[in-house]
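Coordinates in review
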Amino acid sequence: MQWAAILLPDLALDAVRRSGVDPHAPIALIAGPPQRRSVQSCTATAAQAGIRSGQSLAAARALLPKLITVDYDAQRTDALRDLLVAWAYGYSGEVAVLAPDALVLEVGGSLNLFGPWSAFERRLRADLADLGVTHRIALAPLPRAACVFAHVADGFAVTGAMQAALRRVPLVQSRLPEDGLALLASMGLRRLGEIIDLPRAGLTRRCGVTFVERLDRLLGHVPDPLPLYRPPDRFEAKIEFEAELRSLEGLQFPLKRLIGDLCLFLFARDGGVDAIELAFLHDDCAPTTIVLRSPAPERDAAQWFGIARLRLERLTLPAPVAGVGLVARELPPFVPLARGLFDAGAAAALDWPQLVARLQARLGDGAVKTYLPAADHRPEAAFTTDASVSSRILTGPRPLWLLPRPIPLRDRAPHILAGPERIESGWWNGREACRDYYVLETSVGQRAWAFRPAGAIDGPWLLHGWFA
Amino acid sequence: MSGYAELHCLSPFSFLRGASTARELFARAKAQGYAALAITDECSFAGIVRAHEASRETGVPLIVGTEIRLPDGLHLVLLAESLAGYQALCGVITRGRRRADKGAYRLARADLANLSGVLALWVPQAQPSRADGAWVARNFPQCAWLAVELHRGSDDATRLHELLALADELGLPAVAAGDAHMHARSRRRLQDTLTAIRQRTTVAQAGAYLFPNGERHLRSRRALGAIYPHELLDETVRIAQRCRFSLTQLSYVYPHELVPNGQTPATWLRHLTEQGMRQRWPDGAPAAVVTQIDKELALIAELGYESYFLTVEDIVHFARSHGILCQGRGSAANSAVCFALGITEVDPARMAMLFERFISRERNEPPDIDVDFEHERREEVIQYIYAKYGRERAALTATVICYRMKSAVRDVAKALGLSTDQVDQLSRALAGWSRNESPDERLRERGFDPDSPITRRVLSLAHELLDMPRHLSQHVGGFVISEQPLSQLVPVENAAMPDRTIIQWDKDDLDTLGLLKVDCLALGMLTCLRKCLDLLKRHGRGDYTLATIPDEDPQTYAMLQCADTVGVFQIESRAQMSMLPRLKPACFYDLVIQIAIVRPGPIQGDMVHPYLRRRQGSEAYAPMAGPLRGVLDRTLGIPLFQEQVMQLAIHGADFTPGEADQLRRGMAAWKRRGGLEPFHERLLAGFEKNGYALDFAERVFEQIKGFASYGFPESHSASFALLAYASAWLKCHEPAAFAAALLNAQPLGFYAPSQIVQDLQRHGTKVHPIDVRFSDWDATLDAAQSQPILRLGLREIHGMGENAGRRIEQARALQPFRDVEDLCERAELDARERKLLADAGALQGLAGHRHRARWKVAGVERTLPLFEGNPTTESDIVLRPPTAADDVWSDYATTGQSLGPHPVSFVRSRLRAKRCKSASEASRAEHGSPIRYAGLVLMRQQPATASGVTFVTLEDETGTLNAIVWRDVARRYWRVFRESRLLAIDGVIERHDGVQHLIARSMRDYSPMLEQLDARSRDFR
């Protein structure tokens, strides 16, 4: 066996760089609790200005006021790592993530295919450079040893005298558990060989079983079972037609089948999905893809088909359809709806989430929103569509119909029913309101909500809403 | 227009609710023609004395009250109708506060039963509870009202109608009230901001907590007339007329129990004083002192302060009898009675005293006795006071913590929704900023646009918030003790520290009301002196007390004249040291002057140089003739002390002693408030009458003005000079014991243990390292030889606990340690403590070098009972010994000092190759000569007073060097300056008056040289 180790020392920042920012800009990744945010890593330009990982954000800003800070995003980093593992899987059937910054692949079996190691290595490096990923690579008969060599010497390859090379590795770079290393270093020990020579019992007593176990795995004294990579589960299916279809009606049948297959697959996995991607294939141009969404994970074929049909009604296709494909990724766990034992289910009745789903399917995502109360004394700021900031406030009666903006009230002599209710608020964002609101009855008997500037006894009314 | 009295109004002492000061509220009430103003802070009288003062200034009567909210929703405003009512409310507030944590209160309906002399306003909720109203009517018969509070809500007319109907039904009279949170509508923004701060949110998200409008201010009577029927307004005035209580009715009596039966406080005080005189002057007191004491006793009796003196005497007596060193400071040292009673130590026979500086008839303000105790044992004194008088009768004074610029900016910026790091940046940028200065530069430096609306909003609100009270804290040691329960006088609440209670008034409040307090302060130097005297006694090197230390010792003064004062009380700072060789103190009074003169005030006021010239004889000083003869002679014509200014006024311009004291107080305040003009005319006229030239009088007045900001009583300086002399004598004659005591009394003084130890070594005393075989927790003396040797204590190890240190002492006392395992087992050391000992090199004697010690210690396992007595046997292994540099770094990392070579000495040859001088070479360089210097950065200090300059202290193996870095240089070498551990500076040596500085021109980071010393290998060959 021969293992190539690829270290990814700057993965989080690579992930940021790939999102299209200027790679020469001084960028720092920031992490930590809000009170103690600190630099996690930074670009070379930032490092030249003295930015270091572990520095507090304030210190970094003080050194370099124009530093661009990006919040560390574990998901973005994980996604890039997943991509790299999948990429490595293209070169070897045995790929494993050994540490968040290290992946290993068995290359002994692939050397026939990809040439001698030097050529293979060049190829790996070329790919990684294309992907924009910082890396260090080494080759060794054991995966953990390969990682250590990649750490101490990029490009190092050893096949024969691995143990001797390991003995020369500086202790602090041996990638063994940190606390044990710190302890051993404090005893004046410098290289891995000195540790190997220590009495085993004494070492175990001081550094713990886990440390010694890790050392033994590194040296190959004990088996080192690896968490081998498996490609992720996902559902993908495609139907190609013998003849092009020109009407959407004809698509219903194949769609039903694809959705049926998907839901069978979902049942088998006891899961559901909340999004499906449909691709309509054309002979002469790029496929038309649409995404169907359900508000909650769903595996009911009839539901999905209902959503699909609604969406198709609004769809115009640029060309005849030669085939249709369906992809479902990210299979979240399915949560069945609780149902009464004797609940027959009213055929025509839609419950609220289903209605929302249908409306969204017909009108498009983001077109359906809910008004919620917001805690602000200004009427124009007292509602929101963002559920996360909604909260209620105790106020007097408010009209159901609030005008988008106040307009002059054209009424000679409205009758004051109640008021003034004084509102003076909102100074903090430059849109301060200082008004005296009154409930008025107009000469034609409508109930209006109108205001004057705070403290004004007469003058024109500004109409802001209608009660009835 | 109807008359109106506001009966429900909050001051800033309803913390983060009331947005206007009492002064603003009363000025507004006066302007609006209010009949009276009630201050009704929530379960608190903390702001009531300030309100009382504002009321006196404006003539608008104050009604004392409090707002109470019960957990069941009942909301009341309680007003004190009479003294009995005030005392009842003090009791209610005390009960509510003592039951809850600091800052909170908890009351129930039962606490409000049977309050006589209290008027109650019931504030109904949005949906009024009839049952609540009925309870209020029942519980406060003939003394309850329904408060109608209208604030331009959605339908005030209907609300008014409903409340009036409810009042009618319950048989409660209705009255108008305003629930005022601010004096004027313009405070609305600040009030909203306070609300957001209190709710820990932003104003934008605080909607539910904010008031809908700015009506909760002291509204004009015309506006009120438009909202309320006039009967409701008239009722406010009727209630105000019923409230006859004023804070001036409070009478305060000091405890009587210290007086034995058959004696009065006056006779007993005289008895104790005379007893003390016999001890102080066994051969009889000088006649002048006897006269002085008679005069003092007469004034004390006239003002009725005897019990106060007896109380302080009792506390001091307790401390003495328990071997706790103590000494009075401040103006009390002007009193011969205090000296006789043993409260102070400045001998009136040895120094001129001005009793009026301490107590004066005219001042109408209680005297203030401050006593210092050993800082490690002050708690015993505090607990003695609590035990003797009980928690009902003794409590600490409060300190009002107010918003400073930094905290104001921080809280406002947070409330306006700035992100955490912006808040940090902004508050840092504006810390220490004053309105006289444009903030633009400070803001741009940190990347803020000074013209953006948000920045402007933060600045203006922060300015409004500045100086607003934020919470109550405990005073460092000011005790109020009373004959009656304190809670009849002022509410008492819990402090943050367990076992501490505080009253709701601060020092200024006490002064205003004439209450006496005694300050029990903590002083580290007293701890150090006591420990030093104990060490000397234990090692048979003399049994001294502070009083028996030989005075006027020439050797001691010779040492002081060489500025050899590391560790000496008060005269060890950089500035003091630089002045010693020139002032050349040769007697006790020189020390009194030295302590007073080398301070920022006199230095900036240019008092120092005239004094120096006259002292060195280069400028002639002609003693003054006439009535002023003798006043300034002891300071060679320079007025240095507050007492002298008072005497100038008394003898030169015929002020009475009390008036002179008012002049002194005016001086202290004129920079802030002005108000010296009346004194100016009187002084000039008086001097003229007594035959002094006009220009002389003007000069004296100018000196008084310049003197204002740093007034220093001679008595205080003299008290401190006693301790300075005692510590100097000990340093001179018993350097090892003195250094040990300094180490054992840390933290105190100017210097870190490392500098104290180095100083001792430089004086030729040997120092032994920390070693578990010999070291105690404290530093000790090995006094077998004639020249004692200092043994460092385990306390020098950072992170080591005293308990572990004591366990090691005790286990070793039973039997010496056999080996590391024996030590760890018998002293019950945990893994962290074992590691600390190994890292600090304290196991050298038991285990060998640090690497071996760490190996040994890491192998020690907690012995299981089963294996007890069967120590694991392990064969020895060979480990390479640490390098000398390694050892030094470990010393520094674990103890902040090293007895080994200085780290810089390891790179000295490389520094020399780069033409760097050492600190001792730099000290011999000529003024104005350019040099390059490199040293370890000890500290970077940016004094608030000196803008744009940073002081840097660097150290190498030959000593320390002070450098000055101006802003433009600091900016140009920003990173080097901030990051270097080993900093090289190219600059110019400047010397003024013996003070040497290196003025930096450029800087370089030599830290990599030190990193190369790190032996841990990183290369892979």
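Residues numbered from 1 in each chain as written. Chains lettered and ligands numbered in written order. Predicted model: local features only at pLDDT ≥ 70, side-chain atom pairs only at ≥ 80, totals over all residues.

Some remarks on the overall build of chain A
Each helix and strand in chain A was counted, giving 15 helices and 18 strands. Counting only residues that meet the buried cut, chain A has 30% of its 468 residues in that class. By sequence separation, contacts in chain A at least 24 residues apart represent 53% of the contacts at least 6 residues apart. (Helix = DSSP H or I, 4+ residues; strand = E, 2+ residues; numbered from the N terminus. Buried ≥ 20, exposed ≤ 12 C-beta atoms within 10 Å, placed from the backbone. Contact = placed C-beta atoms within 7 Å.)

Some details on the overall build of chain B
Check the secondary structure of chain B and you find 43 helices and 22 strands. Against the 2.2 N^0.38 benchmark of 31 Å for 1021 residues, chain B shows a C-alpha radius of gyration of 34 Å, consistent with a compact globule. Considered along the principal axes of its C-alpha atoms, chain B spans approximately 95 × 80 × 65 Å. Here the analysis covers contacts within chain B between residues at least 6 apart in sequence; of these, 71% occur between residues at least 24 apart. (Rg over C-alpha atoms; globule rule 2.2 N^0.38 Å.)

Describing the domain arrangement of chain B
Segmentation of chain B into domains returns domain 1 (5-249), domain 2 (251-389), domain 3 (404-466), domain 4 (766-895) and domain 5 (904-1011). Using C-alpha coordinates to define each centre, domain 2 of chain B is positioned 50 Å away from domain 4 of chain B. (Domains from an automatic or database assignment.)

With respect to helix 14 (residues 301-313) of chain A
Residue and element names in this part refer to chain A. Between its first and last C-alpha atoms helix 14 spans 18 Å; for 13 residues at 1.5 Å apiece the expected length is 18 Å, and the two agree. Taken together, the buried positions of helix 14 are occupied by Trp304, Ile307 and Ala308. The arc enclosing the buried residues of helix 14, seen along the axis, measures out at 100 degrees, which places them on a common side. Those residues of helix 14 that are exposed and angled more than 90 degrees off the buried face are Ala302 and Glu313. (Expected span 1.5 Å × (residues − 1). Arc of directions from axis to C-beta.)

Section: unusual backbone geometry
Residue and element names in this part refer to chain B. In this model, Gln746 is joined to Pro747 through a cis peptide bond whose omega is 0 degrees. Mapped onto the elements, Pro747 comes out in the loop between helix 30 (735-744) and helix 31 (753-762). You will see that Asp467, though not glycine, has its phi angle at about 70 degrees, which is positive. Note that Asp467 resides in the loop between helix 17 (453-465) and strand 11 (469-481).

What to know about the interface of chain A and chain B
Across the boundary between the two partners, chain A contributes 47 residues, which contact 42 residues of chain B. At the level of elements, helix 3 (57-63), helix 9 (178-186), helix 11 (200-207) and strand 15 (415-425) of chain A are the ones that each hand at least two residues to the side of chain A that touches chain B. If one sorts the elements of the side of chain A that touches chain B by residue count, strand 15 of chain A sits on top with 7 residues. Looking at side-chain class alone, the side of chain A that touches chain B contains 24 nonpolar, 13 polar and 10 charged residues. (Nonpolar A, V, L, I, M, F, W, Y, C, P; charged D, E, K, R; others polar.)

Here we look at the sheet that holds strand 6 (residues 144-148) of chain B
Residues and elements named next belong to chain B. The 7 strands are arranged 1-2-3-4-5-6-7 in an open sheet whose pairing can be described as mixed. The two strands at the open ends of the sheet, each matched to only one other strand, are strand 1 (5-6) and strand 7 (174-176). In this fold helix 2 (residues 48-58) packs onto strand 2 (36-42) and strand 3 (62-69), with an angle of close to 150 degrees to the strand it touches most, strand 3. The strands touched by helix 5 (residues 156-170) within the sheet are strand 6 and strand 7, with strand 6 carrying the most contacts at an inclination of about 170 degrees. (Pairing = 2+ DSSP bridges. Axes fitted to C-alpha atoms, helices over the stretch in contact; angles between N-to-C directions.)

Some points on the sheet that holds strand 14 (residues 401-408) of chain A
Residue and element names in this part refer to chain A. Taken in spatial order, the 5 strands make up an open sheet running 14-18-17-16-15, and their pairing is antiparallel. Strands at the two margins of the open sheet, each flanked by one partner only, are strand 14 and strand 15. With strand direction ignored, the average angle separating the axes of adjacent strands in the sheet is 25 degrees. Relative to strand 18 (residues 462-466), strand 14 runs antiparallel, the two sharing 4 bridges. Following the sheet pairing, Leu402 is matched in strand 18 by Gly465.

Let's talk about the packing of helix 1 (residues 22-31) of chain B against helix 2 of chain B
All names here are of chain B. Helix 2 packs onto helix 1 with a crossing angle of 35 degrees between their chain directions and a minimal axis gap of 8 Å. Relative to helix 2, the crossing made by helix 1 is right-handed. Side by side, helix 1 and helix 2 meet where Ala22, Arg23, Phe26, Ala27 and Lys30 of the first sit next to Arg50, Ala51, Ala54, Ser55 and Thr58 of the second. Looking at the contact of helix 1 with helix 2 residue by residue, the classes come out as 5 nonpolar, 2 polar and 3 charged. (Left-handed = near helix turned anticlockwise from the far one by under 90°.)

Quick notes on the nonpolar core
Residues Ala5 and Ala146 of chain A together with Leu37, Ala120, Leu121, Val175 and Ala724 of chain B are the most contacted members of the largest nonpolar core, which totals 340 residues. Per-element accounting of this core gives the leading share, 11 residues, to helix 29 (residues 714-733) of chain B. Sequence-distant contacts of Ala120 of chain B, that is, excluding residues within four places in its chain, are made with Leu76, Leu78, Val136, Phe140, Cys143 and Ala144 of chain B. (Core = buried A, V, L, I, M, F, W, Y, C linked by C-beta atoms within 7 Å.)

Description of the confidence of the model for chain A
Keep in mind that low pLDDT regions are not for reading the predicted coordinates in detail. On average, residues of chain A score 83 in pLDDT, and 90% of them are at 70 or above. This model gives residues 335-341 of chain A a pLDDT under 50, and the stretch forms 2 contacts once residues within four places in sequence are excluded. (pLDDT = per-residue confidence, 0-100.)

Focus: the confidence of the model for chain B
On average, chain B scores 87 in pLDDT, and the residues at 70 or more come to 94%. Confidence drops under a pLDDT of 50 for residues 863-867 of chain B, and excluding neighbours within four residues, the segment shows 2 contacts in the predicted structure.

Looking at the environment of Met277 of chain B
All names here are of chain B. Take Met277: it is sitting in helix 9 (residues 265-280). A count of 20 C-beta atoms within 10 Å places Met277 in the buried class. For the pair Met277 and Arg967, spaced 690 residues apart in sequence, the C-alpha separation works out to 59 Å. Setting aside anything within four residues of it in sequence, one finds Met277 in contact with Ala285 and Ala340.

Things to note about helix 9 of chain B
Residue and element names in this part refer to chain B. Across its 16 residues, helix 9 extends 22 Å between first and last C-alpha, which sits within 8% of the 22 Å expected from 1.5 Å per residue. The complete set of buried residues in helix 9 reads Pro265, Leu269, Leu272, Thr273, Gly276 and Met277. Taken down its axis, helix 9 places every buried residue within 145 degrees of arc, on the same side. Set apart from the buried face of helix 9 by more than 90 degrees, the exposed residues are Gln275 and Arg278. Where helix 9 is buried, its residues contact helix 10 (287-303), helix 11 (306-321) and helix 12 (336-341).

Digging into the pairing of strand 5 (residues 95-99) of chain A
In this structure, strand 5 of chain A lies alongside strand 6 (residues 102-106) of chain A, joined through 4 bridges in antiparallel fashion. Across the sheet, residue Val95 of chain A finds its bridge partner in strand 6 of chain A, namely Leu105 of chain A.

Examining the packing of helix 1 (residues 11-18) of chain A against helix 4 (residues 74-89) of chain A
Residue and element names in this part refer to chain A. At a minimum axis separation of 9 Å, helix 1 and helix 4 run at an interaxial angle of 90 degrees. Compared by their axis directions, helix 1 and helix 4 come out roughly perpendicular. Residues Leu11, Ala12, Asp14, Ala15 and Arg18 of helix 1 lie in contact with helix 4, whose contacting residues are Arg76, Thr77, Leu80 and Arg81. Residues that form the contact of helix 1 with helix 4 fall into these classes: 4 nonpolar, 1 polar and 4 charged. (Parallel < 35°, antiparallel > 145°, perpendicular 65-115°, else oblique.)

Re the environment of Phe355 of chain B
Residue and element names in this part refer to chain B. Summarising the element assignment, Phe355 is placed in the loop between helix 12 and strand 9 (369-374). Classification of Phe355 by C-beta neighbours within 10 Å gives buried; the count is 24. Along the primary structure Phe355 and Ser335 are separated by 20 residues, whereas in three dimensions their C-alpha atoms are 5.6 Å apart. The contacts of Phe355, once residues within four sequence positions are left out, are Lys295, Glu296, Asn334 and Ser335.

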